[in-house]
Amino acid sequence: MTAPRDGAPQPAPLGALRAAVPTAPCRSGGPGVVAVALSGDQMETAVHALALSGGARLADLFALPAGDGLEAGGPELALHLVYALDHDQTYCRLEAPVTGPEYARLSDAAPAAFVEECEIYEQWGIRPAGDKHLNRIFLSPLAAAPLRTAAPVTRRARPGPGEVRAPHVVQGEAFEFPVGPVRGVAQESLYLGLVTTGEELLDAFLAFFHKHRGVEQQLRGRSPDGALFLVERTEGPGAVGNGLAFARAVEAATGMVPPVAAEATRLVALELERLYNHAAATAALCQATGLGVGQAQAEILLEECLRLNAAAFGHRYLFNVVAVGGVRRGCDAAELRRRLPVLCGELRRVSGALLATNSHVDRLEAAGVLSEAAARRLGLVGPVARASGLDLDTRRDHPTGPGPAGRLLVPTRSTGDVLGRLQVMLAEIDETERLITDWLAADAVLPAVAVAVAPVPGSEPGTGVREGLGWAESSRGESLAFVRLGPDGRVVAARQRPAAARNWRAFDDALRSRNVFTDVAIIEASFWLTVAGYAR
Amino acid sequence: MTRLLTPSPSDPAVAPTADQLRAQVGRLFGRSLYIRTVDTGSCAACESEIRLLAAPHYDLHRLGFFFTPAPRHADLLMVTGPGTTGMAHALRATHAAMPDPKVVVAVGACALGGVYRQADDLTHGGVTGLLPVDVLIPGCPPSPLALLQGLLVAVGRLAERIEPARFRIEGAEAP
């Protein structure tokens, strides 16, 4: 889709945006993306207009140096807001410069922006106007504030951290039960401060900064291929989803069009990633409810999924499959045809047995409830959002290439509890099998060891700065990536927004919904997020 | 339909390593060697592979290994991730809480310094700069079979430290 021209029919949220800020220039930001440049004082108006229009979901907010970020002498910052217009198959990217140490507070109109407002403060030292307290996201209490930034920006006057952090208060009969950061065996590091009076969970403080590696800063200066290597290792069990989003961002920036067979091949990898993640979540749920037999059966199937990945693509976690402009490896279709139906049949048999086990299901019902309103307010994605009744799926709403546009079944539930999330994941396994079988039947995928990468148009030096937005529906939900390439084709700035970065913000809400201590592990398994994807 | 839910007990890929491990751990540790894991910023793939060690295909418990959440019970520390500065203190505290003799196993390319190559203000670029590491298990992530082979090496290292400190019955002749 290109930018709407005057006189052409416009999607409703875009129409509302144009009416609110008629002078803002609007252009195409690549296929399926509209980019709007705002002035600093137009930003608040635009956010309010989009919030009132309905149909616009705030998918991401981040700050980067303004302009191309290359000129010497102090780049100012610009805020980037990415709105998903899901009914219109469009992403709308707003960019507005920030000149002082403060910008208009966005989280009043768009509550989903709050976590990113805190993150932007830690990265760049600018904060939303007003005296709202910010939370600690990536910055360890032991680290100096803020993090690595472009030198001119750090000269900015900013309030000290003590004045802006939300107070960490536990009062009355309640006490804080600390769990982590070193947690159970082979669990990711995470601090969970569970506030309780004994059994019922009243509140929770989560700290993610222990695992913060600064991946986005590390991407600067790398070639797109070198950056993709690190992007895949940001969140291992989401390597294909996040890698595909990043590769598509670079493709949008450079105008590369991957060959059709290569696109189909990487979509097969994406579905295989969904399959093994859902099997892993099923195993983790059984472990959390203490159902040993179910756990063992699900773990056998998880191992078989990983072995199928290795047989089809050469890597158990499907690293190094996606390449910028195509795929680095083809797929062993014969092996997939032979093993996939057996595997999916067994998964169905095990999940049927689990859903018929009352002692298991009773623990999942009404645990960790998230209402549809909360899911919408916090901008959740993936199975967590779908189990709360939000009918979102990037594969259907923002189709790219030869995807399953128009005929993808998106399972949803309205209960918003752990059982709903499990049911959504299990229903997605059927859809995954159908999609892979269709692509294999149509001989749409590349054979093993084939490498297909699109030629790079306009890659000669001196083509200027290029920007692109990419997305993919990973097993945890919508994964977004934004990339800015310099004239030499290297990454000048990049933003990754894995689905985990979106959905963790609802975890404490789910914990607070009348749960007891032993529900924490169950709720965590049903979200099936990684700390690595959040604390990137 | 083929049934997958009955993994062969003698998987030809796993069996030789598993048999050696079983013999070593049985002889030296009375089938009771405890492992603690710490994640210092991994991508969660290494964690997934370590968890699968206890799953039916590999079933580490039958070899005499057990995972423990308590560092005071642990003989072996598996560390994943590039050693983030946020986890440095927790990692050192966990290591200090383990009784001697102990071994440290660095798991995966991040921990070995292959992904985040240079130390900066957020990571140490690997765990070798944080702790005295005895065994390095490469792989991104290392497969469960690679982990088993790494554990075999680690058990050998631990055995070298245990032999001189072996409990002796008073009055008996020194070996």
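Residues numbered from 1 in each chain as written. Chains lettered and ligands numbered in written order. Predicted model: local features only at pLDDT ≥ 70, side-chain atom pairs only at ≥ 80, totals over all residues.

Some details on the overall build of chain A
Phase 1: The secondary structure content of chain A amounts to 20 helices and 16 strands.
Phase 2: By residue count, 56% of the 536 residues in chain A fall in the buried class.
Phase 3: Residue pairs at least 24 apart in sequence account for 70% of intrachain contacts in chain A once pairs closer than 6 positions are excluded. (Helix = DSSP H or I, 4+ residues; strand = E, 2+ residues; numbered from the N terminus. Buried ≥ 20, exposed ≤ 12 C-beta atoms within 10 Å, placed from the backbone. Contact = placed C-beta atoms within 7 Å.)

Overview of the confidence of the model for chain B
Phase 1: Averaged over all residues, the pLDDT of chain B is 83; the fraction at 70 or higher stands at 86%.
Phase 2: Interface confidence in the predicted complex, given as ipTM, is 0.88; pTM for the same model is 0.89. (pLDDT = per-residue confidence, 0-100.)

A word on the domain arrangement of chain A
All names here are of chain A.
Phase 1: For chain A, the assigned domains read domain 1 (12–164), domain 2 (175–211) and domain 3 (215–443 + 470–530).
Phase 2: Summarising the inter-unit geometry, the C-alpha centres of domain 2 and domain 3 are found 25 Å apart.
Phase 3: Facing the nine residues of domain 2 at the interface are nine residues of domain 3.
Phase 4: Those elements that provide at least two residues to the side of domain 2 that touches domain 3 are β9 (191–196) and β10 (201–207).
Phase 5: No other element matches the four residues that β10 contributes to the side of domain 2 that touches domain 3. (Domains from an automatic or database assignment.)

Looking at the nonpolar core
Phase 1: A:Tyr83, A:Ala249, A:Ala279, A:Val483, B:Leu76, B:Val79 and B:Val105 are the most contacted members of the largest nonpolar core, which totals 224 residues.
Phase 2: In terms of residue count, helix α9 (residues 260–289) of chain A provides more of this core than any other element does, 18 residues in total.
Phase 3: Non-local contacts of B:Val79, meaning those with residues more than four positions away in its chain, are made with B:Val38, B:Thr40, B:Leu91, B:Val104, B:Ala106, B:Val107, B:Ala111, B:Val127 and B:Leu131. (Core = buried A, V, L, I, M, F, W, Y, C linked by C-beta atoms within 7 Å.)

As for the pairing of β9(A)
All names here are of chain A.
Phase 1: Sheet topology places strand β8 (residues 175–179) next to β9; five bridges connect them, and they run antiparallel. Each residue of the ladder has a partner; that of phenylalanine 177, found in β9, is leucine 194.
Phase 2: As consecutive antiparallel partners, β9 and β10 are separated by four residues, and within that stretch glycine 198 has a phi angle of approximately 155°, a positive value. (Pairing = 2+ DSSP bridges.)

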